[in-house]
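Chain by chain, the residues run as shown.
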Amino acid sequence: MLKVHLPDDFESVHEAEALRFWAGRGAVRLLAHDPGSRALLIERCVPGTPLGDTYSDDEIEVAAGLMRRLWRAPSHDVTWRRLSDDAERWLVELPSRYQGRLLDEALDVLQALGPTQDDLVLCHQDLHGGNVLRAEREPWLVIDSKPIVAERAYDAVALIRDADPTVAELRRRLDLMSDLLELDRERVRGWGIVKSLAWDDPEQAQLFSEVGSRR
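Rules and cut-offs
- Residues numbered from 1 in each chain as written.
- Predicted model: local features only at pLDDT ≥ 70, side-chain atom pairs only at ≥ 80, totals over all residues.
- Heavy atoms only, no water.
- Helix = DSSP H or I, 4+ residues; strand = E, 2+ residues; numbered from the N terminus.
- Buried < 20%, exposed > 50% of the residue type's maximum accessible area, 1.4 Å probe, protein only.
- Contact = heavy atoms within 4.5 Å.
- Lys, Arg positive; Asp, Glu negative; His and termini not counted.
- Charge placed at Lys NZ, Arg CZ, Asp CG, Glu CD.
- Polar contact = N/O pair within 3.5 Å; in protein donor to acceptor, adjacent residues only side chain to side chain.
- Phe/Tyr/Trp six-rings, centres within 6.5 Å; stacked < 30°, edge-to-face > 60°.
- Lys NZ or Arg CZ within 6 Å of the ring centre and 35° of its normal.
- Pairing = 2+ DSSP bridges.
- Axes fitted to C-alpha atoms, helices over the stretch in contact; angles between N-to-C directions.
- Patch = residues over 30% accessible without salt bridge, like charges linked within 9 Å, V, L, I, M, F, W, Y side chains within 5 Å.
- Areas by Shrake-Rupley, 256 points an atom, 1.4 Å probe, with all protein chains shown as cover.
- Salt bridge = Lys/Arg side-chain N within 4 Å of Asp/Glu carboxyl O.
- Core = buried A, V, L, I, M, F, W, Y, C linked by side-chain atoms within 4.5 Å.

Asker: Give a description of the overall build of the chain that names residues and reports values.
Answerer: The number of helices and strands found in the chain is nine helices and seven strands. Each of the three principal axes of the chain carries a C-alpha extent, and together these read 45 × 35 × 30 Å. Split into buried and exposed, the 215 residues of the chain put 53% on the buried side. Put simply, of all contacts in the chain between residues at least 6 apart along the chain, 74% involve residues at least 24 apart. The centroid of the 28 positive side-chain charges in the chain is displaced by 3 Å from the centroid of its 40 negative side-chain charges.

This is how it looks when you write it as structure tokens:
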């Protein structure tokens with residue numbers, strides 16, 4: 001499968017290096033890479049059926065299992081994007097785009113979580129059901145990463161917020177992902193607020209705020 005990136009500073013940055021780093025463990029293999037044209041030749045998933053966005057408990061468990069396989073300490077030969085840098089930038093950018101209680105909550109989260117991340121790993125950053133495909137070499141493989149070095153709690157957010165969940169569905173996903181991956185639920189929820197605002201979805205940020213502590 002040939003994938004050609006448009007020039008940008010986000011979608012295409014270090015995807016090839018991430019695929020090379022994961023070396024087919026839970027992700028498609030990188031077969032060739034031309035940095036000049038931003039072209040990647042990657043393993044084709046057959047039949048390529050996506051996991052989807054209905055997210056039964058079993059489907060969430062599949063995605064969680066893939067995350068566990070991808071999460072490893074980053075190599076030192078690549079200048080990876082880092083969540084700590086994004087967090088500092090968001091502290092400046094978000095007040096220019098939002099105001100009110102939700103912004104205040106997001107800024108509090110950034111100040112609390114940004115500097116206190118530990119056990120940093122290379123994260124996919126966009127691992128949701130559309131980026132998990134049925135394959136032959138393994139039952140499921142992930143595609144289309146936006147690699148970033150971050151704590152694990154941040155990486156769980158993409159699936160939890162996918163496909164416009166209701167507050168009840170978001171709560172179910174948040175609770176289940178936190179349990180399956182042994183994550184601090186409040187850190188996942190906090191990053192959910194921040195990432196939703198940063199990615200221009202204040203309605204979902206509001207949902208993460210509303211779910212509150214586990215009942």
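There's more to say after this.
Asker: Please provide a residue-by-residue account of the side chain of E105, values included.
Answerer: Here E105 is to be found in helix α4 (residues 101-113). Polar contacts involving the side chain of E105 include one to the side chain of S209, which spans 2.8 Å. In contact with E105, other than residues within four places in its own chain, are R189, I193 and S209.

Asker: Any chance you could break down the packing of aromatic side chains for me, citing the residues and the numbers?
Answerer: Under the definition given, this model contains two aromatic pairs. On the numbers, 6.2 Å between centres and 65° between planes, the contact of F21 with W80 is edge-to-face. On the criterion of sequence distance, the pair formed by F21 in helix α1 (residues 15-22) and W80 in the loop between α2 (57-70) and α3 (83-93) is long-range, its members being 59 residues apart. What makes F21 buried here is its relative accessible area of 16%. When the ring of Y154 is compared with that of W191, the centres are 5.7 Å apart and the planes differ by 85°; the resulting orientation is edge-to-face. With Y154 in helix α5 (residues 152-155) and W191 in helix α8 (residues 185-198), this residue pair connects regions lying 37 residues apart in the sequence. Each of the two residues, Y154 as well as W191, counts as buried. Note that R72 overlies the ring of F21, its terminal NZ or CZ placed 4.2 Å from the centroid. A cation over a ring is seen here: K195 above W199, with NZ or CZ 4.4 Å from the ring centre.

Asker: I'd like a description of the sheet that holds strand β2 (residues 30-34), backed by residues and values.
Answerer: Either a parallel or an antiparallel arrangement is found when strands of a sheet pair, and the pairing is made through backbone hydrogen bonds. Taken together, three strands build an open sheet; the order of strands is β1-β3-β2 and the sheet is antiparallel. The open sheet has two edge strands with one neighbour each: β1 (2-4) and β2. For this sheet, the mean angle separating the axes of adjacent strands, direction not counted, is 15°. When β2 meets strand β3 (residues 39-42), the two strands line up antiparallel, connected through four bridges. Opposite D34, over in β3, you have A39 as the bridge partner. Contacting β1, β2 and β3, α1 crosses the sheet at an angle of about 150° to β2.

Asker: Can you break down a nonpolar patch on the surface residue by residue, with the values?
Answerer: Taken together, the side chains of L2, V4, L31 and L41 present a nonpolar region at the surface, about 400 Å² in accessible area. In this structure, L2 sits in strand β1. Here L2 falls in the exposed class, since its relative accessible area comes to 58%.

Asker: Can you tell me about the nonpolar core, naming the residues and giving the values?
Answerer: Judged by nonpolar contacts, the single largest core of 68 residues is most densely connected at M177 and W191. For this core, the leading source of residues is α4, giving seven residues. Contact partners of M177, with chain neighbours within four places excluded, come to I60, A64, M67, A156, L159, I160 and L183.

Asker: Could you give me a rundown of the pattern of salt bridges, with the residues and numbers involved?
Answerer: Counted according to the given criterion, the structure contains 22 salt bridges. Between K3 and E15 there is a salt bridge, and its shortest N-O distance comes to 3.0 Å. With a gap of twelve residues between them, K3 in strand β1 and E15 in helix α1 connect regions that are remote in the sequence. Overall, the relative accessible area of 1% leaves E15 in the buried class. One salt bridge connects R152 with D119, and the closest N-O pair in it is separated by 2.5 Å. With R152 in helix α5 and D119 in the loop between α4 and β4 (121-123), the pair connects residues that are 33 residues apart, well separated along the chain. Residue classification places R152 among the partly exposed positions, given a relative accessible area of 23%. Within this structure, R101, E105, D175, R185, E186 and R189 form a network of salt bridges that share partners.

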